[in-house]
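Residue strings, one per chain:
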Amino acid sequence: MAVSFDLFDTLVDVDQPATPAAAVADELESRGVDVPEDWADAYASPHVDPPEHAEVPLPAHVSRALASRGVEFENNVVRRAVVAAFDPVVETREGAREAVAGGRDRGPVAICSNCSVPELVARTLIRADLDRDGFDAVVTSVACGWRKPAPEIFELTADELGVSPSAVVHVGDDPRTDGGIEAVGGTAILLEDVPLPEVPEALASLEGGTEP
């Protein structure tokens, strides 16, 4: 058995901007970018037509939104602005450390999360009350190009852990996305069915063992 965990709203809660467009605009302006007056509309409009479940990194979206309004900017300024706008305040959920430990008792452990913001998962793990070295792999949609429930992100997670997808138990909060593990033969544990503090027991029962 191998275990993967969704990070956001599963192991941690992150305080995100109430109005992402405004937060990004503030960071762009602080870096000398002329944000257009209709920025809220530009930010909310699609500028890329990706395949189903393909990830569009937020800096790419913001760059296209600015370009659609004829705004010029220096290389990498958009990425820096986006990363700063989503600088996380992190609260680790009750039972998170125990859930990860329960996974490690049974095999390799990974993070498998949807996230369009570069560096956000890494910064979140650094600030969470979790052992960063306790994860054998960290797979994000912004890095691999596919969002859950796409099979590709689960297959990559399994590959990183050195197992087949059918050997992966994925723990998450959203049946629409995290439940996608079942399409590649794996098993989903969803927090709507199993509260986080009960995940170690659920993992033990899947293995047919008893809780250590």
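See the structure shown above.
Since the structure is predicted, the reported quantities are computational estimates derived from the model, not experimental observations.

S.K.: What's the story with the packing of helix H1 (residues 20-30) against helix H4 (residues 77-85) in this structure? I'm lost.
M.R.: The description of two helices packed together rests on the angle between their axes and the distance between the axes. Direction vectors running N to C along H1 and H4 enclose 130 degrees, while the axes themselves pass 8 Å from each other. As judged from the angle between their axes, H1 and H4 are oblique. The chirality of how H1 crosses H4 is right-handed. Residues Ala23, Val24, Glu27 and Leu28 of H1 form the contact with H4, whose own contacting residues are Val78, Ala81, Ala84 and Ala85. Its residues placed into classes, the contact of H1 with H4 shows seven nonpolar, no polar and one charged.

S.K.: How do you make sense of the side chain of Asp6 when you look at a structure like this?
M.R.: In this fold, Asp6 is placed in the loop between strand S1 (2-5) and strand S2 (12-15). For Asp6, the side chain forms a polar contact with the side chain of Ser113, separated by 3.1 Å. Only 3.0 Å separates the side chain of Asp6 from the side chain of Lys148, close enough to count as a polar contact. Setting aside residues no more than four positions away along its own chain, Asp6 makes contact with Leu11, Cys112, Ser113, Asn114, Lys148, His170, Val171, Gly172, Asp173 and Asp178.

S.K.: Would you mind going over the pairing of strand S4 (residues 109-113) with me for this structure?
M.R.: Side-chain direction in a regular strand flips from residue to residue, so the side chains alternate between the two faces of the sheet. Across the five residues of S4, five count as buried, placing the element largely inside the fold. Every second residue of S4 is oriented toward a common face, with Val109, Ile111 and Ser113 on one face and Ala110 and Cys112 on the other, all of them buried. Note: S1 against S4, three bridges, orientation parallel. In the strand pairing of S4, Phe5 is matched with Ile111. Direction of pairing for S4 relative to strand S5 (residues 137-140): parallel, over a ladder of four bridges. Along S5, the bridge assignment pairs Ala110 with Ala137. Where the polypeptide runs from S4 across helix H6 (residues 120-127) and back to S5, its parallel neighbour, the crossover connection is right-handed.

Here is what the cut-offs are and how they apply
- Residues numbered from 1 in each chain as written.
- Predicted model: local features only at pLDDT ≥ 70, side-chain atom pairs only at ≥ 80, totals over all residues.
- Heavy atoms only, no water.
- Axes fitted to C-alpha atoms, helices over the stretch in contact; angles between N-to-C directions.
- Helix = DSSP H or I, 4+ residues; strand = E, 2+ residues; numbered from the N terminus.
- Parallel < 35°, antiparallel > 145°, perpendicular 65-115°, else oblique.
- Left-handed = near helix turned anticlockwise from the far one by under 90°.
- Contact = heavy atoms within 4.5 Å.
- Nonpolar A, V, L, I, M, F, W, Y, C, P; charged D, E, K, R; others polar.
- Polar contact = N/O pair within 3.5 Å; in protein donor to acceptor, adjacent residues only side chain to side chain.
- Buried < 20%, exposed > 50% of the residue type's maximum accessible area, 1.4 Å probe, protein only.
- Pairing = 2+ DSSP bridges.
- Right-handed = clockwise from strand over helix to strand, strands pointing away.

By themselves, these observations are geometric and do not establish any function.
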